[in-house]
Amino acid sequence: YNAFGKYDLALGTYKKVLAKEIICLWDYTPRATVVSDDIDSSCPPRIKPSDVINTLFKIFKVYKKKVDSSEMIQDGLQYLLQAQSLCSKYKDEIPLEQYLQVHFALGDTYFLQGNITKAISIYKIPFSTTVLNTEHFDEFLVHMNDLYEYRNNTKDILLKTAANAAWRK
């Protein structure tokens, strides 16, 4: 549905999946602590935190594509904030790339909304809670530079558009 631009159907489907994943996540036990392979067939299958985070991230991305109002942005942002919360809770059990992806997307969202202070505080989280090597820091600097250029280009386009509209009147 997402690929065909049927965003409401995609959101409905992802939200159904998410509801089932959350139930299964409550029963989540990391593989290292499982004592027996005897699993009661009435129990739902266990789901990894990274799967739930992935679904939350997909929902956010659909909202981002569909955005036509600030209310929609806030709706999508709530799913990304849930993903960030799960990243913090399960940071030792999820891939570092996923952890960074969620934090960078959240920081990017705040950055593009003009909330630079909040964006920077979000960008700093992986550096204060995870040991990142120089390669990751270099990626972060490139990422920040790209965002500043995007924001400045967008600002220039908006200013030129406003100036042209005022000149025509």
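Here goes a summary of the coordinates provided. (Residues numbered from 1 in each chain as written. Predicted model: local features only at pLDDT ≥ 70, side-chain atom pairs only at ≥ 80, totals over all residues. Heavy atoms only, no water.)

Describing the side chain of T55
Structurally, T55 is set in helix 2 (residues 49-66). Residue class for T55 comes out buried when judged on its relative accessible area of 6%. Ignoring any residue separated from it by four or fewer positions in sequence, one finds T55 in contact with Y14, V17, L18 and E21. (Helix = DSSP H or I, 4+ residues; strand = E, 2+ residues; numbered from the N terminus. Buried < 20%, exposed > 50% of the residue type's maximum accessible area, 1.4 Å probe, protein only. Contact = heavy atoms within 4.5 Å.)

Structural notes on the nonpolar core
The biggest cluster of nonpolar side chains holds 35 residues, and the ones touching the most others in it are V52, I53, L56, L80, L86, V102 and Y123. Elements with a minimum of two residues in this core: helix 1 (7-26), helix 2, helix 3 (70-89), helix 4 (96-112), helix 5 (116-129) and helix 6 (134-168). Counting residues per element, this core draws most heavily on helix 2, at eight residues. Excluding residues that lie within four positions of it along the chain, I53 makes contacts with A83, L86, C87, I94, Q98 and V102. (Core = buried A, V, L, I, M, F, W, Y, C linked by side-chain atoms within 4.5 Å.)

Concerning the packing of aromatic side chains
A complete count under the given rule lists three aromatic pairs for this structure. Measuring from centroid to centroid gives 6.2 Å for F57 and F60, while their planes differ by 45°, and the two rings are tilted. A residue pair is termed a helical-turn pair when its members lie 3 or 4 positions apart in one helix, as F57 and F60 do in helix 2 at three residues. Their ring planes at 20° and their centres at 5.9 Å tell us that Y63 and Y79 sit as a pair that is stacked. With Y63 in helix 2 and Y79 in helix 3, the pair connects residues that are 16 residues apart, well separated along the chain. Its relative accessible area of 7% is what places Y63 among the buried residues. (Phe/Tyr/Trp six-rings, centres within 6.5 Å; stacked < 30°, edge-to-face > 60°.)

Quick notes on helix 4
With 17 residues, helix 4 ought to run about 24 Å at 1.5 Å a step, and its terminal C-alpha atoms sit 24 Å apart, in line with that. G114 sits one or two residues past helix 4 and shows a positive phi near 90°. (Expected span 1.5 Å × (residues − 1).)

A word on the packing of helix 2 against helix 4
Helix-helix packing: each pair is described by the crossing angle between the helix axes and the interaxial distance. Direction vectors running N to C along helix 2 and helix 4 enclose 25°, while the axes themselves pass 11 Å from each other. In terms of their interaxial angle, helix 2 and helix 4 are classed as roughly parallel. Helix 2 and helix 4 meet at a crossing whose hand is left-handed. Two secondary-structure elements touch here, helix 2 through S50, I53, N54, F57 and F60 and helix 4 through Q98, Q101, V102, A105 and T109. (Axes fitted to C-alpha atoms, helices over the stretch in contact; angles between N-to-C directions. Parallel < 35°, antiparallel > 145°, perpendicular 65-115°, else oblique. Left-handed = near helix turned anticlockwise from the far one by under 90°.)

Let's talk about a positive patch on the surface
A contiguous patch of positive charge, built from K58, K61, K64 and K65, is present on the exposed surface. Within the element layout of this structure, K61 appears in helix 2. Since its relative accessible area comes to 41%, K61 is described here as partly exposed. (Patch = residues over 30% accessible without salt bridge, like charges linked within 9 Å, V, L, I, M, F, W, Y side chains within 5 Å. Areas by Shrake-Rupley, 256 points an atom, 1.4 Å probe, with all protein chains shown as cover. Salt bridge = Lys/Arg side-chain N within 4 Å of Asp/Glu carboxyl O. Lys, Arg positive; Asp, Glu negative; His and termini not counted. Charge placed at Lys NZ, Arg CZ, Asp CG, Glu CD.)

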